[in-house]
8 protein chains.
Amino acid sequence: MNKQELENLLNEVAAGRVAPAEALLQLRTEPYKDLGFAKVDTHRGIRQGMAEVIYGAGKTKEQILQIVSAMRAESEKTVLITRMAPEAAVYVAESQPLSYDELSKIGIVGELPRKDGIGKIVVATGGTSDLPVAEEAAKTAEVYGNEVVRLYDVGVAGLHRMMDHLDEIMSARVIVAVAGMEGALASVLGGLVDCPVIAVPTSVGYGANFGGLSALLSMLNSCASGVSVVNIDNGFGAGYLASMINHMEGK
Amino acid sequence: MNKQELENLLNEVAAGRVAPAEALLQLRTEPYKDLGFAKVDTHRGIRQGMAEVIYGAGKTKEQILQIVSAMRAESEKTVLITRMAPEAAVYVAESQPLSYDELSKIGIVGELPRKDGIGKIVVATGGTSDLPVAEEAAKTAEVYGNEVVRLYDVGVAGLHRMMDHLDEIMSARVIVAVAGMEGALASVLGGLVDCPVIAVPTSVGYGANFGGLSALLSMLNSCASGVSVVNIDNGFGAGYLASMINHMEGK
Amino acid sequence: MNKQELENLLNEVAAGRVAPAEALLQLRTEPYKDLGFAKVDTHRGIRQGMAEVIYGAGKTKEQILQIVSAMRAESEKTVLITRMAPEAAVYVAESQPLSYDELSKIGIVGELPRKDGIGKIVVATGGTSDLPVAEEAAKTAEVYGNEVVRLYDVGVAGLHRMMDHLDEIMSARVIVAVAGMEGALASVLGGLVDCPVIAVPTSVGYGANFGGLSALLSMLNSCASGVSVVNIDNGFGAGYLASMINHMEGK
Amino acid sequence: MNKQELENLLNEVAAGRVAPAEALLQLRTEPYKDLGFAKVDTHRGIRQGMAEVIYGAGKTKEQILQIVSAMRAESEKTVLITRMAPEAAVYVAESQPLSYDELSKIGIVGELPRKDGIGKIVVATGGTSDLPVAEEAAKTAEVYGNEVVRLYDVGVAGLHRMMDHLDEIMSARVIVAVAGMEGALASVLGGLVDCPVIAVPTSVGYGANFGGLSALLSMLNSCASGVSVVNIDNGFGAGYLASMINHMEGK
Amino acid sequence: MNKQELENLLNEVAAGRVAPAEALLQLRTEPYKDLGFAKVDTHRGIRQGMAEVIYGAGKTKEQILQIVSAMRAESEKTVLITRMAPEAAVYVAESQPLSYDELSKIGIVGELPRKDGIGKIVVATGGTSDLPVAEEAAKTAEVYGNEVVRLYDVGVAGLHRMMDHLDEIMSARVIVAVAGMEGALASVLGGLVDCPVIAVPTSVGYGANFGGLSALLSMLNSCASGVSVVNIDNGFGAGYLASMINHMEGK
Amino acid sequence: MNKQELENLLNEVAAGRVAPAEALLQLRTEPYKDLGFAKVDTHRGIRQGMAEVIYGAGKTKEQILQIVSAMRAESEKTVLITRMAPEAAVYVAESQPLSYDELSKIGIVGELPRKDGIGKIVVATGGTSDLPVAEEAAKTAEVYGNEVVRLYDVGVAGLHRMMDHLDEIMSARVIVAVAGMEGALASVLGGLVDCPVIAVPTSVGYGANFGGLSALLSMLNSCASGVSVVNIDNGFGAGYLASMINHMEGK
Amino acid sequence: MNKQELENLLNEVAAGRVAPAEALLQLRTEPYKDLGFAKVDTHRGIRQGMAEVIYGAGKTKEQILQIVSAMRAESEKTVLITRMAPEAAVYVAESQPLSYDELSKIGIVGELPRKDGIGKIVVATGGTSDLPVAEEAAKTAEVYGNEVVRLYDVGVAGLHRMMDHLDEIMSARVIVAVAGMEGALASVLGGLVDCPVIAVPTSVGYGANFGGLSALLSMLNSCASGVSVVNIDNGFGAGYLASMINHMEGK
Amino acid sequence: MNKQELENLLNEVAAGRVAPAEALLQLRTEPYKDLGFAKVDTHRGIRQGMAEVIYGAGKTKEQILQIVSAMRAESEKTVLITRMAPEAAVYVAESQPLSYDELSKIGIVGELPRKDGIGKIVVATGGTSDLPVAEEAAKTAEVYGNEVVRLYDVGVAGLHRMMDHLDEIMSARVIVAVAGMEGALASVLGGLVDCPVIAVPTSVGYGANFGGLSALLSMLNSCASGVSVVNIDNGFGAGYLASMINHMEGK
């Protein structure tokens, strides 16, 4: 119940068309979401036109299809499914217009929205093993209406490769830096640009990587300003935040 | 050497006014900083009008004064000094127009710039012991030209206190969530709003706080979208990033 | 044997009426279990009418059936089996009146006792992935005679969902807060109510969850009074303790 | 605004005595605290007659006195100050009826309430170095109206000392087990009794104690049912929770 | 080459029967083991009559058989194989007199030596899940000629079970305390007896057990004198050390 | 009280010859301490002639003197004080025959007992910074009647220094290996000898020593048989256990 | 573009044969790799004649073959494939001259280069379980043209085995010390020789090995000079660095 | 006793000039250091002309002077004192030709040796706070006869600063990369050059630096080849190893 609806309800009460007791019931039953919060349900998205999200891990293919169907029945929105198993993709694709990317385990039902982000989002990785997480970030950003530039395998141990893409790096409005062993990527990029850098440590690696801990600590300790960090392997979170920043209007 | 200067140099060579060997020397001597990077020095700031920063920890009061004086001699900019010891403040204030805040250990030499940020930055804390870090973030944001709303002691164990400030929370363009024991603050705020939330874990606490580790892990594991994390106690980093986002222009 | 009896015994020995060997035997054999402790065997339960418990993990289906049969032969009590593999359930169900819940891996042989707990126990979870542990807690509490209210998926990142169930939360006598990523749940609930909150961190999650460590630390650092913590994934322990508190008589 | 008040407001709207717009405003302005929560402020205590609490660490003696005075001005309640520095105690005692215990750093202003807890709370420690934390728990419980039995230095490495106090242990309604090196205390006590055991790990120790981590892990891994854990050194939290349980009424 | 042999060699040189160059070669080729050390090869055992040991993990069944055969060819000694896979046992048993225990994964080829240990070794466990490690310790001790008393499932959460076996505990010359969750076992036993207690933490458990870390830290922090610790799950090491102590002669 | 006696007692009660209250009293009072344990108080020592021990850390000089005086009044035994501050030593020496070693912070009141240990105890260290812990072990062993051989600074990085003392090493009945950085010492010694090696990790070091963790883990992972570990810096524990083993009689 | 090429380009511009705009384009397109760096691509090797490397983990057999083929098409160099699955080896061997070692998972396509290293590289291991990592180091060194001496199973717990190979150890120009449980190997070797020792901790082990952490910490804390450490299990890195040092020319 | 001396001894025996028993004694008394090791004492240095080293931490000023005097009395060598307190420096300087650097706490007695290293050693740091450790490395390298190039404050967050010194970086024979927060320095340098890079993590930093752990893990996980790591803050170790490599002769 938004502000307008609440006003309407009170008008109805004032006009005698709704009994106070009935209004009371409505106000008590859903005490919170009716109080005019901008964001009534994080699962339903923030603005009209935005995609729905399903976290696919731990859900059966039947559950996923059921949720997709219900969402699609309600509206024509795009539905984004993260961490979707290949079998679930096969199953859902039988009855829904699904496009699926096996690398990132991302499934998208429906049309991608038009690109209404203000600038470009650069998604960069240190190595090829970071691609699944990077693609999760990139595809998430695309589903939310952003133009994404992928700069993969530009790790700091081969600085010239990064330098070859300096123009693209400098033109970014937001950068998502995905790296496992080489948490250094976020620092180096953060030192080159003056836009926000969202660092995503990945659990990919070996030895004293400790499931992403080395990259996480390295990124948190970045000396470059404008760098912040999301959880290990959280490509979706980075893509979502990048899109949020890329859609921020000026004055 | 920017693109234009490089073109000029080549034109000079073509015109015979600069010998190829001399051009070679120039191109070799400063191979990097002349290639047109927007951000040649992270220490010199990004745009005209922005404040200079000195990290005060580990510097003597004489060193701090020396750097401040040099910066002031060059221009009329504001200078921000973080982690400044009280004795250094007394010393610098003798010859420079310093305002100093003992709580956050922040010193500011010169005038605050006009508030040219697009929206408001909310700095929220879970408890009173997080104030020093929160003030470092808040004052940093102010020095960079932002309007800051302080919501202190709104920890999730007393949810009603947060709710009392719902309007201010909802009106933020960026939120900095500072919390030690209660890393939960970032999650709860992130669930309420649809703007970026920058989480700052603090080392303040006792028991199994482990120097901020509990809050850090809690914030990284936030289920709310739009939350990212900076280093433990890094109020400056959060304030700087918040300002960066708050100054992003629309299309 | 009290001091006086010991003195008597020694006098008897001194007088030749008790042989030293016999006295020795008395003093050394079975000194403990016969001495009238209220709780002679933690595995046999505390009061008549209470269920027996078998920790199913690491036991073969034959072993489980054997123990169940022995317990049932001795009395008509209910038997609770935790961490029971589905195959063991199929096997035991062939000869015993077993009801089995695959989600929580809980098996119950025999009738549930009547609900003799004083109030209601609320079991709340932050997300759907915490359900197995939550159900272990809930079913354990039910087996011990409690009325259980389940509030699942009320994580703090969607505060309105928790608020929708405020009446149920406020009416609890004990709350079990089960959460993996969002250890914040215990803090927020602990801040709302004035009854004991038993926090159960779960190992479910990803990234810097570290097998439940993030939720564990977050819960231990809760700023809300009345919150205590059991081991990661220990739904049984929480349900048992909740039942113990819910059965405490007044004066 | 409780249910009755909300009903009244709606009636006023229905009767035309309150304009819908004005009702809207009221419903928006204070969306939360008016919704009938039992516990509007965790800092003000839960029931009449209960003590106020001030966390003294990090507060100046002047701040503590100021808060104490304000609380005392409002009512005649007892005020409990935890982690109070000796100098603050001297300062506050000049103008307030303070009793102060240097060991536990607990200060109490005003009279202790009458003992209205239902049973006895046993506070046990493994060694003498755990006394400060144990006294914080014990005094907290006393301030909240409980009879406390202290069993100090009954660590499991000298089992006979614990056995000497079996009667007191068996007669407890709640037990607080405080131990640093010997986290085993909670397990052994939990195996003897059938009442809740609240375990408090302490940071006191040396070697691989790691600031209380060894006791914390040991207590979390207790095999005894009915044991839960609070934060390292959190004597106040344990005493408060023990009191909460000890005041729970029967049917 | 022992002292006598070295003396002989030098005598041979003095007598002209061995050329200095040849003696030089002998002394250089095996510079170490010839210098009269008591323990020339840890793999070959210390005294005549002692069993050989093969660490079976990571070796193929063919490799194990090959080593066993070579050892048996050389002498009639007993061969102990630890961490032996069931398939390897089947394979070796085809051609060697192997007795194999599936629980402890211990295989023994040949006859057990006569029990020449001075006293009894008690192997105690906290729970049934610690049995594999405990059996590894017990069988190792038996292979080295010790009488072993097994006290399984005497965890401290059920103190009366331990007390039922007080006589056996008090009569031990060495105790091996094996425990996973309940590292407390070592402390309690160490407090009861005045013989060496060798503590073996096990990785068996769940939650914040962290692969045996909780028990390891608990055991290291034991307040009882006479307790020392071996590596997690190192049943062999404990059994070997227990045997070593149990064979120490008096003056 | 055995099963028969319990049955008799209950029969007596049934027959009216024993009042229930009296039976209750018998069953509940002082069940334990009268049962004739060999080791009634771990603080009083195990055998006649053995020294008393006071853990001096955290005790005031007055408390230490008081305990010493009480012990001395009771008997003529030696009293060992560990972790004794220099000021406490000065204070106690005024009225007691104290010898004090500032390095190890060990104080001894009274005569050293005659050396009745069976063999020699070797205390070896890896570096000079491990001396305080090593001396705590050595002096403890001496106070308990052992002959101690000190081999200091024989770290494995200078193997020849260890080799220079091979005779002394080979002649030990028990070895205490004290090392901080170089946990390797225990492994190398354990590989050379066939007597028990008690490893003591020390917290002395720098870098990734982590308060003794590196040495602790290294020692636990020793591949040499016969090695066990005590807590970090626990020289007393090692010396005590070494003495216990060194006093074990043969058949 | 090397120095010469840059000079040529500038000469072309001076001569009017290349337009300044075109030169500008060339200089901008590849801003970095043309500036005369010695090492333009870490993936392409440093000097002519050196082998190419493919990190096989996480690549499909088709991808590996494709890369190998492309490399071989370009030149006749040797190609080294690390962490290569047996199936990939079978697949690649069908069309390429592959030699494959299952133990180290190393594949080599083409001829081994001639041994042009200056001295010998000794690769030593503490136990047999470290062989896979040691072979990765050894084969890597061989592929880069070094003579390798393997000293396997010379752990410090059996010092005489190491001493048997003293001559080989003393004759090394670089030593690679590979050890899991026994990180001590690096210290002992480092103390014996005066050449660089590269320590490789391995994750092989059990108990408190914690995935190689124990060996890693032990090696970092080595007291021997000249020891440095690479990542856990990083045999390739150690072999590569050893080769680099072994090819360093004198003046 | 080297090979020649051993041969001589045997010849003497053969010639009857030395009795076998006497030879036996000699061979037994010093079994180790006589066997021809190149490096009999790590404390005495490796080659003539090399400096002696004293680790100053934990030694009194008197002890340091005493050792220095003894060393100087024996020869004219240079003596290097690391971790030397300023007071010790004042004290030693009174009677010895000491030069002391307060930043690195390095003292040098006597003349620096001539620079006989083959190439240049570059010591680079990420920030100014890493200077003490970097100077310890640099001064150590100088004392051992190397030419050192210092590149301080060239952290990766300001890449252009590193690029300004590309020529010096490329000309290094060995690089020591010292960094605290920014462990990335080693990776970036390792990617640019093809000489050994010795990485030294420093404990300087704040937040989730955890005493150098973040830099340590980051450096261990470097993707650049040729990088190895020494202990946290171990500037001496890095300088020593760099010198060792820089003195390696070619064929």
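Residues numbered from 1 in each chain as written. Chains lettered and ligands numbered in written order. Predicted model: local features only at pLDDT ≥ 70, side-chain atom pairs only at ≥ 80, totals over all residues. Heavy atoms only, no water.

S.K.: Any chance you could break down the overall build of chain A for me, citing the residues and the numbers?
M.R.: Secondary structure summary: chain A contains ten helices and nine strands in total. When contacts within chain A are restricted to residue pairs at least 6 apart in sequence, those whose partners lie at least 24 apart make up 67%. Looking at chain A as shown, the accessible area adds up to about 9,100 Å², and 50% of this sits on carbon and sulfur atoms. (Helix = DSSP H or I, 4+ residues; strand = E, 2+ residues; numbered from the N terminus. Contact = heavy atoms within 4.5 Å. Areas by Shrake-Rupley, 256 points an atom, 1.4 Å probe, with all protein chains shown as cover.)

S.K.: Give a detailed account of the sheet that holds strand β2 (residues 79-82) of chain G, specifying residues and quantitative values.
M.R.: Residues and elements named next belong to chain G. Taken in spatial order, the four strands line up as β1-β2-β4-β3 in an open sheet, and their pairing is mixed. With partners counted over all chains shown, the strands left at the sheet margins are β1 (52-55) and β3 (98-101), one partner each. The average undirected angle you get between the axes of adjacent strands in this sheet is 15°. Pairing geometry for β2 and strand β4 (residues 106-109), over three bridges, is antiparallel. Across the sheet, I81 pairs through a bridge with G107, a residue of β4. Contacting β2, β3 and β4, helix α5 (residues 131-143) crosses the sheet at an angle of about 15° to β4. (Pairing = 2+ DSSP bridges. Axes fitted to C-alpha atoms, helices over the stretch in contact; angles between N-to-C directions.)

S.K.: Run through the packing of helix α9 (residues 213-220) of chain B against helix α9 (residues 213-220) of chain C, naming residues and quoting values.
M.R.: For any two helices packed against each other, one specifies the inter-axial angle together with the distance between the axes. At a minimum axis separation of 8 Å, α9 of chain B and α9 of chain C run at an interaxial angle of 125°. By the angle between their axes, α9 of chain B is oblique relative to α9 of chain C. Crossing of α9 of chain B against α9 of chain C: the hand is left-handed. Seen from α9 of chain B, the contacting residues are L213, S214, L217 and S218 of chain B; seen from α9 of chain C, they are L213, S214, L217 and S218 of chain C. (Parallel < 35°, antiparallel > 145°, perpendicular 65-115°, else oblique. Left-handed = near helix turned anticlockwise from the far one by under 90°.)

S.K.: Just give me the short version of the interface of chain H and chain G, but keep the residues and values in it.
M.R.: With 39 residues of chain H at the contact, the number on the chain G side is 39 residues. Taking both sides of the interface into account, the surface hidden between chain H and chain G amounts to around 3,400 Å²; carbon and sulfur atoms contribute 66%. Taken together, the connections running from chain H to chain G amount to zero salt bridges. Every element with two or more residues in the side of chain H that touches chain G is listed here: α7 (166-170), α8 (184-192), α9 (213-220), β9 (227-229) and α10 (235-246) of chain H. Top element by residues in the side of chain H that touches chain G is α10 of chain H. It accounts for five residues. Across the side of chain H that touches chain G, the residue classes tally to 23 nonpolar, ten polar and six charged. (Buried area = accessible area lost by both parts, 1.4 Å probe. Salt bridge = Lys/Arg side-chain N within 4 Å of Asp/Glu carboxyl O. Nonpolar A, V, L, I, M, F, W, Y, C, P; charged D, E, K, R; others polar.)

S.K.: Which residues make up the pairing of strand β1 (residues 52-55) of chain A, and what values do they have?
M.R.: Residue and element names in this part refer to chain A. Residue alternation in β1 divides its side chains into a buried set, E52 and I54, and an unburied set, V53 and Y55. Where β1 lies against strand β2 (residues 79-82), four bridges are found, and the strand directions are parallel. The residue bridging I54 from the neighbouring strand is I81, located in β2. (Buried < 20%, exposed > 50% of the residue type's maximum accessible area, 1.4 Å probe, protein only.)

S.K.: Provide a residue-level description of the relation of the copies chain H and chain G, including the pertinent values.
M.R.: For these two chain copies, the linking operation is a rotation about an axis paired with a shift along it. Overlay of chain H on chain G (RMSD 0.6 Å): rotation 179°, translation along the axis 0.2 Å. Read as a symmetry element, the transformation amounts to a two-fold axis. Considering only C-alpha atoms, the part of chain H nearest the rotation axis is G250 of chain H, at 1.8 Å. In this assembly the copies share their binding face: 100% of the residues contributing to the interface of chain H also contribute to that of chain G. (Least-squares fit on C-alpha atoms with pLDDT ≥ 70 in both.)

S.K.: Quick one: what's the story with unusual backbone geometry, residue by residue and with numbers?
M.R.: All names here are of chain B. Phi at F210 takes a positive value of approximately 50°, unusual for a residue other than glycine. With respect to the helices and strands, F210 occurs in the loop between β8 (197-201) and α9. For F210, a relative accessible area of 28% corresponds to the partly exposed category.

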